[in-house]
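# Structural characterization, general
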Amino acid sequence: MTPAARAQAAIEILDQVIAAAREAGPAADTIISGYFKSRRYAGSKDRRAVRELVYRAIRRSGERPPSGRAALLGLADEDPEIERLFDGSPHAPAHRAEGEDSAAPALVPEWLQGRFDPLVEARDWPALLERAPLDVRVNSLKGDLEAARDALPEAVPTPLSPLGLRLAEGTRIEDHPACQSGLVEVQDEGSQLLALGCGASPGHLVVDLCAGAGGKTLALAAEMRNQGRIIACDTDRGRLGRMRPRLERAGVSIVETRLLNPGAELDPLEDLKGKADLVLVDAPCSGTGTWRRNPETRWRLTPERLQRLVQLQAYLLDVAAELVRPGGILVYAVCSLLEEEGRAQAEAFGSRRSAFLCQGPAFEFGRIAGAGRLLSPAPDGTDGFFVARWQAPC
């Protein structure tokens, strides 16, 4: 592919990403993969160059652009090399029309700018869109940090997590024997700290209420030394199905999955009411703490969707409170840096359930944010997370 043809490919992909953001479609990574599956002529350098253009354009545009062409013209406003690719040659973008609009630069959508936690200042915003490192968690059921470093000599320890290793961006870790054998799992350092902060122990009965594909379930099982019982729940059958191969690879045998019905989550959990030693609510959220991995999620979020998420988080916290045994632990987490999903949500729960004793997570990293702690790309170097922890009344 010529450089100009790569630019046209980026425009076509960006059009699909914009449509997907508007219509709740697939993620940008999925769209890029699908685009090149039907274009076998594109070599690895072509795919890498197009992907780079797409993500540069996404990171630059806080507001959803009107089109892929407008998004790439925004890059061209700042990069003469890209401007020259709009030359109208075969397979290239057409020349820029006189007065043609381009996407304006912005890090954060305007409507969100006043909704971050007070600890997240405007000077921190650039870090939210920086490239994320590739972190893996060492699975203590399969080996220790030393064994993982022997298998991955290019990795370095993560600054905060005692179980983490950091690899160069672009490392194909999924195909590495260390990953295939279950010795390591891809997991951001912030997620590792969240699992450690739950305080799970061998023999515990644990409910992972929003387990998804099981990243934190696996981490909890390792903390429990594969002793006890974990009930991994989700409302998405597909996500729960993808957990099973990961459990087998990691050597985890204590996990039972349960499919929940939205709005009636307690029905299939009736036998667990008042019995769980630990309930983790890693709730659906805005994802503002993971923009550096998924920058197009800025284009998906609307005030109406955020309001629905905040209501769902409060509901799930109340569901979780019914499951915790007297003296047991409830942990609430969101990969969000917004005040209403973090400290305000925790404070509201504390008001509704005043008998629950607020405790800090079992780590001292991050900064105190009301009833919980906040981790963020700046200054912690992790994905953004809010974590709060309570003990149920005895």
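Refer to the structure printed above.
### Some details on unusual backbone geometry
- Here A378 and P379 are connected by a cis peptide whose omega angle stands at 15°.
- Mapped onto the elements, P379 comes out in helix 15 (residues 377-380).
- Non-glycine residue N226 carries a positive phi angle of around 60°.
- Positionally, N226 belongs in the loop between helix 10 (215-223) and strand 6 (229-234).

### Here we look at the pairing of strand 8 (residues 276-282)
- Counting buried positions along strand 8 yields 7 of 7 residues, so the element is predominantly enclosed.
- The sheet contact formed by strand 8 and strand 9 (residues 324-334) spans 6 bridges and is parallel. Pairing of V279 across the sheet is with L330, part of strand 9.

### With respect to helix 1 (residues 3-23)
- Taking 1.5 Å of rise per residue, 21 residues should cover 30 Å, and helix 1 covers 30 Å from first to last C-alpha, within 8% of that figure.
- Among all positions of helix 1, only A4, A5, A7, A9, A10, I11, I13, L14, V17, I18, A20 and A21 are buried.
- Buried residues belonging to helix 1 abut helix 2 (28-37), helix 3 (44-60), helix 4 (68-78) and helix 12 (297-300).

### Digging into the pairing of strand 1 (residues 134-138)
- Across the 5 residues of strand 1, 5 count as buried, placing the element largely inside the fold.
- Burial of the side chains of strand 1 extends over both faces: L134, V136 and V138 are buried on one face and D135 and R137 on the other.
- Two strands pair when backbone bridges link them, and strand 1 and strand 3 (residues 164-167) are joined in this way by 4 bridges, in the antiparallel orientation. Bridge pairing links L134 to L167 in strand 3.

So, how was this worked out
Residues numbered from 1 in each chain as written. Predicted model: local features only at pLDDT ≥ 70, side-chain atom pairs only at ≥ 80, totals over all residues. Heavy atoms only, no water. Helix = DSSP H or I, 4+ residues; strand = E, 2+ residues; numbered from the N terminus. Buried < 20%, exposed > 50% of the residue type's maximum accessible area, 1.4 Å probe, protein only. Pairing = 2+ DSSP bridges. Expected span 1.5 Å × (residues − 1). Contact = heavy atoms within 4.5 Å.

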